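Understanding the architecture of this molecule
Spelled out from the first residue to the last, the chains are:
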Amino acid sequence: MARPRSKDEPAAKANRLRGLTEEYLALATKLREGGGAARVKRMHEKGQLSPRERVSALLDPGTPWLEIGLLVAYDRYDGQAPGAGVITGVGVVEGREVVVVANDATVKAGSWWPETITKILRAQEIAMRQRIPIIYLVDSAGVNLPYQEGVFPGQYGAARIFYYNSLMRRYLRVPQISAVMGSCIAGGAYLPALSDVIFMVEGTSFMGLGGPNLVKGATGQTIDAETLGGAKTHTELSAVAHYRAPSDAECLKRIREYVGRLPVSVGVQHARKKTQEPSRNPADLYDVLPHDHRLSYDARQVLACLLDGGKLDEFQPDLAREMICGHGHIEGWPVAVIANSRGIIKGREGERPRFGGIIYTESAEKTAFFIETANRERLPILFVQDVSGFMVGADAEHSGIIRAGAHFVEAMATATVPKIVLTVNHASGAGYYAMAGQGFDPDFIISWPTGRMAVMEGESAVMAVHGAEITKAQAAGSALPAAVQASVAEMRADYDHQLDARYAAARGFVDAIVTAEETRDQVAFLLQVTSRYAGPHLGPFVLPPLDAATPHVS
């Protein structure tokens, strides 16, 4: 339970984490409604389940589900593209971790927006990276034509979906199961066609490179949708599909049975211990984090809410204490932990205090060594990220901060073990990169609603751009020129907007926003998911060794 608020404590300062969490949950609830109740009703009238009902029926009851990219594109297209028209996530089917991609036909008939492609590609990369099955629940009218420029062409346009389909099918042996549960038109038909098996539903499924209207316009032929590309046509005549079911519910049941027959990847055999409760209730995190992101807090108390028994076997605890490194367990799963410590760090005798959240030469070297050791031990790494950057100044430069920072980045970038990132507050500067920023392809990156991702904080940016003018005005005791005041105000407003975790999530800079209470369970689930593939965990996928002179057929 959160501590009671004192009478004289302003409501805005009472609990920043709780306030932002409530705002996020309200937004998430709205986005999960998709295109609204009226469109869900129309699907029910046709005998179909809604998109989220399909996902729910597919997954094992009471098992973890991490939805990926729920907020993507929520602040674009005048709010007409909740979830970018597709539900993506990682869940459990018949006891097996799987990736799910489900078109949301309540949003513009499930048509593809530019961000729809981004979400599908990210889902495919998770399946490839972890070597776990991917299930496509297809119900889409195809490309959203007014936005085709962002969908059709380009290296990361729709074609890359089919490229990933092909790599999974030919080289990676990642099971791909498609269910056509509504429309599947034009180039989108290649997604199920490049899967291992295709299920269709009688009476409501259609798959074809062109619908009846296009066929009539192109060839003059008049034909109904069921005869052209219905479930019976594709399972009896064309042989494009492999199984048909009488209803959505039966189709999903048969997919579950199919997944249940698949072998389970073993991955790395970690010695998983019996789960212990953390030493602090995860809900206490609302008390641990301060109301102002600039204030200090005890990062070890954050770990006490996440780790089994709150226990961290800390590595070099008395050296470079602005970086916390150590070994622990989360729901029995072993994990190497790297966390930024905030606040003022007392220096050794004769040394200046250090600023927590800043990476110094000594802490960079310590962390690089710890990463390399964890990599040799084949332990997954959890980065608890609240970093403002690397130290600057004469002392830092003379101590070799550039060399040490490069060592840190290289160790992190080349580690072949799973990397999971939890952004608590700041994710700024090159420190964000070193703490497994998105550009280094961590396996998963999740954020609390308090996450703040940018090259620097707004006030720092203001000083970087207008510092000379501000200093000059202060020295003269005069006001800033009106144009400068306007520029400063605009910059502050832009940074406040862009530093919001929802802004990052809307652009896919994080996989998901999670609440404080669910963090421990979600991280444990991700440790389970990433354990399925021994690695290397590098890049969006890693191909097995191929003989360039010999075609490889699986």
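In this convention, every chain numbers its residues from 1, walking through the sequence in written order. Residues qualify for local features only when their pLDDT is at least 70, as the model is predicted, and side-chain atom pairs are given and counted only at 80 or more; totals for whole chains, interfaces and linings, by contrast, use all residues. Note that the side-chain values use all heavy atoms of the structure and ignore hydrogens as well as water.

Thoughts on the environment of V240
- Starting at the N terminus, helices and strands are each numbered in turn, a helix being any DSSP run of H or I of at least four residues and a strand any DSSP run of E of at least two. Mapped onto the elements of the fold, V240 is located in the loop between α10 (231-237) and β8 (243-245).
- The exposure class of V240 is partly exposed, given its relative accessible area of 32%.
- Note: C-alpha distance between V240 and G229 (11 residues apart in sequence) is 9.7 Å.
- Excluding residues that lie within four positions of it along the chain, V240 makes contacts with I198, M207 and H234. Each residue is assigned to one of three classes by its accessible area relative to the maximum for its type, calculated with a 1.4 Å probe on protein chains only: buried under 20%, partly exposed between the two thresholds, exposed over 50%. Here, residues are in contact when the closest pair of their heavy atoms is within 4.5 Å.

Topic: the pattern of salt bridges
- A pairing counts as a salt bridge when a side-chain nitrogen of Lys or Arg comes within 4 Å of a carboxyl oxygen of Asp or Glu. By the definition in use, this model includes 26 salt bridges.
- Two residues, R354 and E322, come together in a salt bridge whose shortest N-O distance is 2.9 Å. Pair noted here: R354 is in strand β13 (residues 354-355) and E322 is in the loop between β9 (313-314) and β10 (323-330), with a separation of 32 residues, a long-range link.
- With relative accessibility at 1%, the residue E322 sits in the buried group.
- Through salt bridges with shared partners, a single ionic network connects E322, R348, E351, R354 and E362.

Brief notes about helix α6 (residues 159-172)
- Taking 1.5 Å per residue as the helical rise, α6 with its 14 residues ought to reach 20 Å, and the 19 Å between its terminal C-alpha atoms agrees with that figure.
- Inspection of α6 places R160, I161, F162, Y164, N165, L167, M168 and L172 among the buried residues, and these make up the whole buried set.
- Looking at the buried residues of α6, the elements they touch are α5 (114-130), β4 (134-140), β5 (176-185) and α7 (190-193). Expected helix span is given by 1.5 Å per residue-to-residue step, counting one fewer step than there are residues.

Section: the packing of helix α4 (residues 51-58) against helix α11 (residues 248-261)
- Closest axis-to-axis distance for the α4/α11 pair is 9 Å, and the angle between their directions is 35°. You can see that α4 and α11 cross each other, and the crossing is right-handed. Contact residues: R54, A57 and L58 in α4; D248, L252, I255 and R256 in α11. Comment: axis = line fitted to C-alpha atoms, over the contacting stretch for helices; angle = value between 0 and 180 degrees taken between N-to-C directions. In this scheme the handedness of a crossing depends on how the near helix is turned from the far one: anticlockwise by less than a right angle means left-handed, clockwise means right-handed.

Topic: the packing of α5 against α6
- It is the contact of α5 with α6, at a shortest axis distance of 10 Å, that shows an interaxial angle of 15°. Regarding the angle of α5 to α6, the classification is roughly parallel. The handedness of the crossing between α5 and α6 comes out as left-handed. Side by side, α5 and α6 meet where I117, I120, L121, Q124, E125, A127 and M128 of the first sit next to R160, I161, Y164, N165, M168 and L172 of the second.
- Across the contact of α5 with α6, the residue classes tally to 9 nonpolar, 2 polar and 2 charged. Put simply, angles under 35 degrees are roughly parallel, angles over 145 are roughly antiparallel, angles from 65 to 115 are roughly perpendicular, and the rest are oblique. Ten residues, namely Ala, Val, Leu, Ile, Met, Phe, Trp, Tyr, Cys and Pro, are considered nonpolar, four, namely Asp, Glu, Lys and Arg, are considered charged, and the remaining ones, Gly among them, are considered polar.

Some words on empty space enclosed by the protein
- Points on a 1 Å grid over protein atoms alone make up a cavity when a 1.4 Å probe fits among them but cannot get out, and a pocket when they form an open set with protein on both sides within 12 Å along at least five of seven lines; lining residues each have an atom within 4 Å of a point. Grid points are joined across faces, edges and corners, and a volume is the space filled by probe spheres set on the points. For the structure on display, the rule yields 4 cavities of 30 Å³ or more.
- One number sums up the size of the largest cavity: a volume of about 90 Å³.
- Taken together, 13 residues form the lining of the largest cavity, with N103, W112, V138, S140 and G188 sitting closest to its centre.
- For the lining of the largest cavity, the secondary structure elements donating two or more residues are β3 (96-103), β4 and β5.
- The element contributing the most residues to the lining of the largest cavity is β4, with 3 residues.
- Each residue belonging to the lining of the largest cavity can be placed in one class, and the counts come to 9 nonpolar, 4 polar and no charged.
- Looking at the second largest cavity, the residues that line it are L31, G34, R52, E67, L70, P82, G83, V86, I87, D104 and K119.
- Residue classes in the lining of the second largest cavity are distributed as 5 nonpolar, 2 polar and 4 charged.

As for the confidence of the model for the protein
- On average, the protein scores 92 in pLDDT, and the residues at 70 or more come to 96%.
- When the criterion is pLDDT under 50, residues 1-12 qualifies, and its contacts beyond four places in sequence or with other chains add up to 14 contacts. Confidence of the predictor at the level of single residues is captured by pLDDT, which takes values from 0 to 100.

Some details on the pairing of strand β18 (residues 444-447)
- Burial along β18 is two-sided: F444 and I446 facing one way and I445 and S447 facing the other are all buried.
- The pairing criterion is simple: DSSP has to find at least two bridges between the two strands. Relative to β18, strand β17 (residues 419-428) is paired through 4 bridges, and the arrangement is parallel. Paired with I420 across the strands is F444, a residue of β18.
- When the strands point away from the viewer and the connection leading from the first strand across the helix to the second strand turns clockwise, the crossover is called right-handed. In this fold, β17 hands off to helix α17 (residues 429-434), which returns the chain to β18; that crossover is right-handed.

Focus on the side chain of S341
- The topology assignment puts S341 in the loop between β11 (333-340) and β12 (344-345).
- Ignoring sequence-local partners within four residues, the contact set of S341 consists of A299, R300, R321, E322, I324, G356 and G357.

Quick notes on a positive patch on the surface
- On the surface, a cluster of positive charge is contributed by R39, R42, K46 and K108.
- Along the polypeptide, K108 turns up in the loop between β3 and α5.
- Overall, the relative accessible area of 41% leaves K108 in the partly exposed class. Patch construction takes residues with relative accessible area above 30% that form no salt bridge. Like charges are linked within 9 Å, and nonpolar side chains (Val, Leu, Ile, Met, Phe, Trp, Tyr) are linked within 5 Å. Residue burial considers only the protein chains on display, and all accessible areas are found by Shrake-Rupley using a 1.4 Å probe. Residues counted as positive are Lys and Arg, residues counted as negative are Asp and Glu, and His and the chain ends are not counted. Where a charge lies is defined by one atom per residue type, namely NZ (Lys), CZ (Arg), CG (Asp) and CD (Glu).

Regarding the nonpolar core
- Definition of nonpolar core: a set of buried residues of the types Ala, Val, Leu, Ile, Met, Phe, Trp, Tyr and Cys, connected through side-chain atoms within 4.5 Å. M168 and W448 are the most contacted members of the largest nonpolar core, which has 73 residues in total.
- One finds Y24, L27, C325 and A501 within the second-largest nonpolar core, a separate group that totals 40 residues.

Describing helix α19 (residues 482-498)
- With 17 residues, α19 should cover 24 Å at 1.5 Å per step; its first-to-last C-alpha distance of 24 Å lies within 8% of that length.
- Of all the positions in α19, only V484, V488, M491 and Y495 are classed as buried. With its buried residues spanning 65° around the axis, α19 presents them on a single face. Turned more than 90 degrees away from the buried face of α19, the exposed residues are A482, A483, E490 and D496.
- Among the structural elements, β19 (452-454) and α18 (458-476) are those in contact with the buried residues of α19. By arc we mean the arc of the directions from the helix axis to the C-beta atoms, nothing more.

What about the packing of aromatic side chains?
- In this analysis, rings of Phe, Tyr and Trp, with Trp reduced to its six-membered ring, are considered paired at centre separations within 6.5 Å, and the interplanar angle assigns stacked below 30 degrees, edge-to-face beyond 60, and tilted for intermediate values. Applying the stated criterion across every chain, the model contains 13 aromatic pairs.
- Look at Y77 and W113: their rings are 4.6 Å apart centre to centre, the planes differ by 45°, and that puts the pair in the tilted class. Of the two residues, Y77 sits in the loop between β1 (66-68) and β2 (86-93) while W113 sits in the loop between β3 and α5, which places them 36 residues apart along the sequence. Accessibility classification places Y77 together with W113 in one group, the buried group.
- Between the aromatic rings of F199 and Y243, the centroid separation amounts to 4.8 Å while the plane-to-plane angle is 25°, which identifies the pairing as stacked. Here F199, found in strand β6 (residues 197-201), pairs with Y243, found in strand β8; they are 44 residues apart in sequence, far enough to count as distant.
- Of the residues examined, F199 reaches a relative accessible area of 2% and is grouped as buried.
- Residue class for Y243 comes out partly exposed when judged on its relative accessible area of 26%.
- Taken together, the ring pairs connect Y77, W113 and Y147 into an aromatic cluster.
- Lysine NZ or arginine CZ positioned within 6 Å of the ring centre and within 35 degrees of the ring normal marks a charge as sitting over the ring. In this structure, R18 packs its charged tip against the face of Y286, placed 4.0 Å from the ring centre.
- Between the NZ or CZ atom of R131 and the centre of the ring of Y533, over which it lies, the distance is 4.2 Å.

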